[in-house]
Amino acid sequence: MLSWTLIALITISGWAISCLITYRRQLADVQYLAGPRHPFSPFTLVAALLPTTDWTAGLLMNWVGRHACKSLGLHDVIALVPFISGRSVLYTRSVEVAKQILGHKSDWDKVAEQVDALALFGENLFSSYREGWQRHRRIAGPGFKPKLYEQVWNESIRTYYEMIRTEGWLARESYLHGDVTAMTSKIALYLIASCGFGMSLSWDKAVGEQIKGMTLGECFHIVSSSIYAQIFLPKWVFRLPFKTLRKIHQANFVLESILLGIIERRKADGAANRKERAEKDVFTLLLDANEDEADRKNALTDRELLSDVFLLLVAGHETTSHALASSLGLLACNPDIQEKARKEIISVVPDGCDPTFHDSERFLYVQACFLEAIRLFPSVAGIPQRAVADTILHISADNGTTTDLVVKRDQYIVIDLFAISYNSSYYPDPDQYIPERWLDPTTEQGVNFGAGPRICIGRKFALSEATAILAMIIRDFTIEPVLREGETLVQWRLRCLDGSVANSLGFGPTAFPLRFKKRG
Ligand code: HEM
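The structure presented is a predicted model; accordingly, all values stated were derived computationally and were not measured.

Student: So what about the site of the ligand? Which residues, and what values?
Tutor: Taken together, 27 residues form the shell around the ligand, and within it Lys110, Trp133, Arg137, Arg454 and Cys456 come nearest. Lys110 places a polar side-chain atom, nitrogen or oxygen, 3.1 Å from an oxygen atom of the ligand. Note that an oxygen atom of the ligand is positioned 2.7 Å from one of the side-chain N or O atoms of Trp133. Going through the elements one at a time, helix 7 (130-140), helix 15 (302-332) and helix 19 (459-476) are the ones with two or more residues in the shell around the ligand. A per-element tally of the shell around the ligand places helix 15 first, with 6 residues.

So this is what it looks like as structure tokens:
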């Protein structure tokens, strides 16, 4: 009779041999490209739960390795091949490769994990594969027009005044904000709720009603920080009697109730009323386009509308709030750049009046400050894609030669927005905050807002909001970091920005304080 030890030994050997065979096959599939060899694929729960080390991806692998990319391989595509569990993943630091993938006639589509992450309420504009995506974009597209960006600009200025008045910024010489990320999160939520969904807001009130004691802002916070758990764990887990799990379940429920409330109120408004309104928010235009859809079969169902409302709120909030916080942090530790931006603002509106939307095109330097902050801290860390057919990528080696990489169907690749942003071939002195580079028309524009047909629909929304908010703050206040005894500005940046980041639905520095000193 076989002993238990022998059975265990045979089982372990069988498993080890199967891991080895899979590992060798995956290495061959990626043509032995250089790159990390980890026990687990980054697209597994265990990899998301473990910290980032030389052996485990964690959630910050690409951030930690943003400078290492070049030294890892001769090519602008590297391969992470797991030797215990999960699929191999390619990573690229090349804009050219990114464009081949995101381009119009590409053999690539979204990956299931990313689609599931934002499909809490079903398919939507972001969380849809190529086939289902077009109708969402056709119906949401008309909402994003120059009229909207003007509304975003005006609302941003109104929100700014509400904020400084309610919080008493002007009542003292300098106002200390304990957590700038909380402030920008509130600004972004107010802007998307107001311009996206026509909710009239005041700074001292929560966005939308409270249900079961939770506000929309709190629901977003819980949903965003639990997103990886929600991707990888089955739904029933969140019904188990554990406080944290129940809270996530409740946040989803409350979020759904709030969003349904928005839709029902707007539908009750009636199409005629909606069409007469002078100021149209994104959602009004989306409902109009849905009702005008020639082929009713293609119109969005109520469930799909709910999912698109959720998506627009999340996408409009998570990205811009992080980018605004990074911009303010970087401006605080670069007083010369702040001064240059202030001079531009004064030259555009010398009489101290509030800048109008028509002035916005002249705030090139302020806008560059924002774009450079997104380069250093991309709000979206990467764009994962899956090959839907066997295909070829033209990749380059460091010595300038190009070669064809044969990619098999189902292979994952991540367009690594950190590696691209810190790629010194595109951006010399990549660690430095140099807004001037965005004034040079030859600067690589990058893909921080995506590219191709699925490029970010909210890019101009974000730019309008950020330019208005930054212009107002820089005009009225000097932004200063709260330094520790003997700390330099460079050390402050390393401690509060580069050294303290989080990656959930959006990426960026975590809570940090800033001082806003009233200008004379
Ligand atoms: C700093 C601000 C922003 C950044 C960096 C950003 C970045 C991106 C990126 C990289 C994508 C492509 C993702 C992919 O292909 O997987 C994307 C798509 C998208 N973004 Fe943004 N975004 C920003 C602001 C906004 C805002 C303000 C909104 C809404 C008001 C928005 C709505 C969307 C939507 C709906 C999509 C999906 C588009 C589609 O698939 O057709 N984004 N964004």
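Student: How would you summarise the packing of aromatic side chains if you had to cite specific residues and measurements?
Tutor: Applying the stated criterion across every chain yields a total of 19 aromatic pairs. For the pair Trp169 and Phe477, a centre-to-centre distance of 5.2 Å together with 75° between the ring planes defines the contact as edge-to-face. Of this pair, Trp169 sits in the loop between helix 8 (146-167) and strand 5 (174-177) while Phe477 sits in strand 10 (residues 477-481), and the two are 308 residues apart along the sequence. Residue Trp169 shares its accessibility class with Phe477, and that shared class is buried. Taking the centre distance of 5.2 Å and the plane angle of 50° together, the rings of Tyr190 and Trp203 count as tilted. With Tyr190 in helix 9 (residues 180-197) and Trp203 in the loop between helix 9 and helix 10 (216-225), the pair connects residues that are 13 residues apart, well separated along the chain.

Student: Go over the pattern of salt bridges, please, and point to the residues and values.
Tutor: For the structure shown, the criterion picks out 18 salt bridges. With its nearest N and O atoms 2.5 Å apart, the salt bridge here joins Arg386 to Asp410. With Arg386 in strand 6 (residues 382-387) and Asp410 in the loop between strand 8 (402-407) and strand 9 (412-416), the pair connects residues that are 24 residues apart, well separated along the chain. Looking at Asp410, the relative accessible area reads 33%, which means it is partly exposed. Across the pair Asp476 and Arg475 runs a salt bridge, and its minimum N-O distance is 2.8 Å.

Student: Give a detailed account of the packing of helix 12 (residues 243-268) against helix 15, specifying residues and quantitative values.
Tutor: For any two helices packed against each other, the geometry comes down to the angle between their axes and how far apart the axes lie. Where helix 12 contacts helix 15, the two axes come as close as 10 Å, and the packing angle between them is 115°. By the criterion of interaxial angle, the relationship of helix 12 to helix 15 is roughly perpendicular. Crossing of helix 12 over helix 15 shows right-handed handedness. Contacts between helix 12 and helix 15 pair Leu255, Glu256, Leu259, Leu260, Ile263 and Lys267 from the former with Asp302, Arg303, Leu305, Leu306, Val309, Phe310 and Leu313 from the latter. Residues of the contact of helix 12 with helix 15, tallied by class, amount to 9 nonpolar, no polar and 4 charged.

Student: Before we move on, can you summarise the sheet that holds strand 1 (residues 37-40) with the specific residues and values?
Tutor: With mixed pairing, the 6 strands of this open sheet are ordered in space as 1-2-3-9-6-4. Edge positions in the open sheet fall to strand 1 and strand 4 (108-109), since each of these has one partner strand only. In terms of strand pairing, strand 4 meets strand 6 through 2 bridges, oriented antiparallel. What sits directly across from Asp109, in strand 6, is Arg386. Strand contacts of helix 5 (residues 95-102): strand 2 (77-85), strand 3 (89-92), strand 4, strand 6 and strand 9, with the helix running at about 130° to strand 9, the strand carrying the most contacts.

Parameters and conventions
- Residues numbered from 1 in each chain as written.
- Predicted model: local features only at pLDDT ≥ 70, side-chain atom pairs only at ≥ 80, totals over all residues.
- Heavy atoms only, no water.
- Near = heavy atom within 4 Å.
- Polar contact = N/O pair within 3.5 Å; in protein donor to acceptor, adjacent residues only side chain to side chain.
- Helix = DSSP H or I, 4+ residues; strand = E, 2+ residues; numbered from the N terminus.
- Phe/Tyr/Trp six-rings, centres within 6.5 Å; stacked < 30°, edge-to-face > 60°.
- Buried < 20%, exposed > 50% of the residue type's maximum accessible area, 1.4 Å probe, protein only.
- Salt bridge = Lys/Arg side-chain N within 4 Å of Asp/Glu carboxyl O.
- Axes fitted to C-alpha atoms, helices over the stretch in contact; angles between N-to-C directions.
- Parallel < 35°, antiparallel > 145°, perpendicular 65-115°, else oblique.
- Left-handed = near helix turned anticlockwise from the far one by under 90°.
- Contact = heavy atoms within 4.5 Å.
- Nonpolar A, V, L, I, M, F, W, Y, C, P; charged D, E, K, R; others polar.
- Pairing = 2+ DSSP bridges.

In short, the description is geometric, and any link to function would need to be established separately.
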